[in-house]
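Letter by letter, the chains look like this.
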Amino acid sequence: MFYLEKQNRMVIPRTELTYPAHQMRFHENAAKAPVDHVMADFEDACPYEYKGEASRRVAVEALNTIDFGDKVVTVRPNNIRSPYFLGDLQAVMVGAPDRFHGIVLPKVYSPEDIVYVSSLLDALEKEGGWTTRVQIEALIETPQALVRAYEIATASDRMAGLIFGIADFAASIGAKEYVEDQHKYFLYPKQAVVVAAKAAGLHAIDCVYFRIVRRDTPPEEAREIEEGLRRKNMEAANLGMDGSWIIHPSQAQIVNECYTPSDEEVERARRAIEAYYKAGGGSIINPETGEFEDDATVKAKLMLLAKAVQAGKLTKDYLDELARRSAEITGYNILKVMRRMG
Ligand code: GLV
Ligand code: MG
């Protein structure tokens, strides 16, 4: 999770919009997009001719001049084995202190990679005069990273989240289909990323859906693409992913919806928890809905309501009170253990 505003605001992103860092208009469009998180990319989305100084100059100017509102702002440098990595990191850390919140680290292979980057950030924060602390999201996009995902997630207290990178992962293992049927071919790595992230108290972010609707996309095909985007993200949310990467602002609305409980779900969960406490616990059939409830189903609903708090649909105080009642009996507050509430 990202902790912003001197730890006073916690953000679990539902949408992370990645865009090439080498052109100002991409930064400007990202700042206006209805997303929780933006990611200026020096890595795979940046054309070769702009690698190095050309993209760094634009990104530093964008970070210093554009108002990104209350979004989480991050930068993806080239990977640590690339000749561009150090220069990318130095440019933004020294050129735009306190103007962004996190680094998205691609092609992580081991926890040592995180320890290395974290110590570089220690030095660069000093050099740049930062008053805030930069967090790290690690891309899990190689089999080497997947088998060490929990160690990576716990390698530094800068770690905020894990992101599943499907394109590089598919390339690494030699898988051919990674656009459609993701949950047939990539169920295991996605679930492994979720478990590692959650065990470490971090957020888990799903991969890209590569098809986008363009101005000239015929309506029938546009509908099919939007259905594919929704299906992929509803399924990822069911797996425990907290949000997803997106590659175009036009994907934002559908993806936000997939990771936000609807008003009806919020109301239903709220009433079910209240009815459960009123009934005095145990395993019960909720008289209003006919559904089975016990302490575990109540915890699932508390977790759902935490997403509603993140989305501004419910107050934190109200949910704190419900979670406190659960903790009174079970001895632990699920929302605190899973770091779902600040
Ligand atoms: C993202 O970086 C991916 O490889 O899918
Ligand atoms: Mg990648």
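Please refer to the structure placed before this passage.
In every chain, residue numbers begin from 1 and rise along the written sequence. Here the convention is simple: chains get letters from A, ligands get numbers from 1, in the order in which they are written. Local features in a predicted model are, by the rule used here, given only for residues with pLDDT of at least 70; side-chain atom pairs are given and counted only at 80 or more, and totals for whole chains, interfaces and linings are based on all residues. Note: side-chain values were computed over all heavy atoms of the structure, leaving out hydrogens and water.

Visitor: Hey, could you go over the state of the cysteines for me, with residue numbers and the actual values?
Guide: Count a disulfide wherever a pair of cysteine sulfur atoms falls within 2.5 Å. Enumeration according to the criterion identifies 0 disulfides in this entry. Not part of a disulfide, Cys258 finds its nearest cysteine sulfur in Cys207, a span of 13 Å. Classification of residues uses two cut-offs on accessible area relative to the type maximum, computed with a 1.4 Å probe and protein chains only: under 20% is buried, over 50% is exposed, and between them is partly exposed. By relative accessible area, Cys258 is classed as buried at 7%.

Visitor: Can you lay out the packing of helix 13 (residues 295–310) against helix 14 (residues 316–330) for me, pointing to particular residues and giving the numbers?
Guide: Angular values range over 0 to 180 degrees, each being the angle between N-to-C directions of two axes fitted as lines to C-alpha atoms, with helices fitted over their stretch in contact. To qualify as a helix, a DSSP run of H or I must reach at least 4 residues; to qualify as a strand, a run of E must reach at least 2; elements of each kind are numbered from the N terminus. The N-to-C vectors of helix 13 and helix 14 enclose an angle of 155°; their axes lie 10 Å apart at closest approach. Compared by their axis directions, helix 13 and helix 14 come out roughly antiparallel. In the crossing of helix 13 with helix 14, the sense of the turn from one axis to the other is left-handed. In this structure, helix 13 contributes Asp295, Lys299, Leu302, Leu305, Ala306 and Val309 to the contact, and helix 14 contributes Lys316, Leu319, Leu322, Ala323, Ser326 and Thr330. Each residue receives one of three labels: charged for Asp, Glu, Lys and Arg, nonpolar for Ala, Val, Leu, Ile, Met, Phe, Trp, Tyr, Cys and Pro, and polar for the others, Gly being one of them. Partitioning the contact of helix 13 with helix 14 into residue classes produces 7 nonpolar, 2 polar and 3 charged. An angle counts as roughly parallel when it lies under 35 degrees, as roughly antiparallel when it exceeds 145, as roughly perpendicular when it falls between 65 and 115, and as oblique in every other case. The sense of a crossing depends on the near helix, which, turned anticlockwise from the far helix by less than a right angle, makes the crossing left-handed and, turned clockwise, makes it right-handed. Contacts were defined at the residue level, with two residues in contact if any of their heavy atoms lie within 4.5 Å.

Visitor: Residues and numbers for the sheet that holds strand 4 (residues 37–41), please.
Guide: Spatial ordering of the closed barrel is given by 3-4-5-6-7-8-9-10, a layout of 8 strands whose pairing is parallel. Taken over all neighbouring pairs, the strand axes of this sheet differ in orientation by 25° on average, direction set aside. Paired strands, in this sense, are two strands between which DSSP finds at least two bridges. With 3 bridges joining them, strand 8 (residues 159–164) and strand 9 (residues 203–206) adopt parallel strand pairing. Pairing of Ile163 across the sheet is with Ile205, part of strand 9.

Visitor: Can you lay out the side chain of Ser82 for me, pointing to particular residues and giving the numbers?
Guide: For Ser82, the position within the fold is in the loop between strand 5 (72–76) and helix 3 (85–95). The class of Ser82 is buried, set by a relative accessible area of 16%. Polar side-chain contacts of Ser82 include one of 2.9 Å to the backbone nitrogen of Tyr84. Counted as a polar contact is a pair of N or O atoms within 3.5 Å, where, for protein atoms, one must be capable of donating a hydrogen and the other of accepting one, and residues adjacent in sequence contribute only when both atoms are in side chains.

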